[in-house]
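# Geometric and topological summary
Each chain, letter by letter, is given below.
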Amino acid sequence: MRLATWNVNSLKARMPRVEEWLAYARPDVLCLQETKLADAAFPQLAFSALGYEAVHHGDGRWNGVAILSRVGVEDVVAGFADGIEADTDTRLVTARCGGVSVTSVYVPNGRSLDSDHYRYKLAWLAKLRRHLDAVAAPDTPVAVCGDFNIAPEDRDVWDPAAFVGSTHVSAPERRALAELESWGLQDAFRGRYPDAEELYTYWDYRAGDFHQHRGMRIDLLLLSAPLAGRVRWALVDRNARKGKQPSDHAPVFVDLEP
DNA sequence: ATGGTAGAGCATCTA
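Along every chain, residues carry numbers that run from 1 in the direction the sequence is written. Chains carry letters from A onward and ligands carry numbers from 1 onward, assigned in written order. Selection of residues for local features in this predicted model requires a pLDDT of at least 70, selection of side-chain atom pairs for listing and counting requires 80 or more, and totals for whole chains, interfaces and linings are taken over all residues. Side-chain measures here rest on the full set of heavy atoms in the structure, leaving out hydrogens and waters.

Chain A is annotated in an unreviewed UniProt entry as Exodeoxyribonuclease III of Acidiferrimicrobium australe. UniProt positions are given in the numbering used here, feature names are shortened, and annotations may be inferred rather than shown by experiment. What UniProt states about chain A under its Sequence similarities (unreviewed entry) heading is, verbatim, "Belongs to the DNA repair enzymes AP/ExoA family." Per UniProt, the comment on chain A under Cofactor (unreviewed entry) is "Mg(2+)".

## Brief notes about the pairing of strand E14 (residues 252-256)
Relative accessible area decides the class of each residue, using a 1.4 Å probe on protein chains only: under 20% of the type maximum gives buried, over 50% gives exposed, and in between gives partly exposed. Elements are defined by DSSP. Helices are runs of H or I of four residues or more, strands are runs of E of two residues or more, and each kind is numbered from the N terminus. In terms of residue burial, E14 counts as a mostly covered element, since 5 of its 5 residues are buried. Both faces of E14 are covered, namely the face carrying Val 252, Val 254 and Leu 256 and the face carrying Phe 253 and Asp 255. Think of it this way: DSSP has to see at least two bridges between two strands before they count as a pair. As defined by bridge partners, strand E1 (residues 2-7) adjoins E14 across 4 bridges and the pair is classed as antiparallel. Bridging from a neighbouring strand, Thr 5 pairs with Val 252 of E14. As paired strands, strand E13 (residues 231-236) and E14 are joined by 5 bridges and run antiparallel to one another.

## Focus: the state of the cysteines
Two cysteine sulfur atoms form a disulfide, by the criterion used here, when they sit within 2.5 Å. Summed over all chains, the structure comprises 0 disulfides. You can see Cys 31 has no disulfide; the closest cysteine sulfur is in Cys 145, sitting 4.4 Å from it. On the basis of relative accessible area, Cys 31 is assigned to the buried category, the value being 0%.

Here it is in structure tokens:
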């Protein structure tokens, strides 16, 4: 099974690139973030023509998440599970695909350490852990994939010194991510390549950051133990960050042994 | 020097 995640930064703007990538990478499951679409505008038919069922959770200008699957889509939960205070944004969607509980997440950015948005980010991550308790069990196949807006370690940013005092690297954010992992999830890419350096998934559009290799590894596939033990390889497709009208994020995928 | 670019939509907001 090939399981992928990609923050597309507007599905409307990115549709040609997404269709091209689906045809060439042929993931079984693709989690999308930042579709920036309302549900009614989601191009369900275009994905159906490529063999993908899809579920989308979005309300318009900002955020918006989806799961595309060619191994089925069942038990859909849009947003947080019942019993958890509803999100005002559309930042997560969960479905069962080919026997795997898949959640596509777009974790809040946080903006700055003194911002209400930063406190919202930390609270949101705590709710995500409670959501997992409600929808899945860690001894079953679970994948939580998406843009976490957190670089797990200093080596996951191009220059740790440039990020001192910023979001994405702060201790509380990293603790919140570790709390999520302690539920029973492993960072598939880091697990497969424990020593890999300078392999980023996001590069700011500004100042030629991509071409200067100034990136961050913030797009993650977190897998429960039954899946983490099956990772054959993991890949960041940097080619998808090149060329005409790229997203500022590259797709990341893992291949799981049968 | 708080810059730079891209995408939302049409004045700014978000990243």
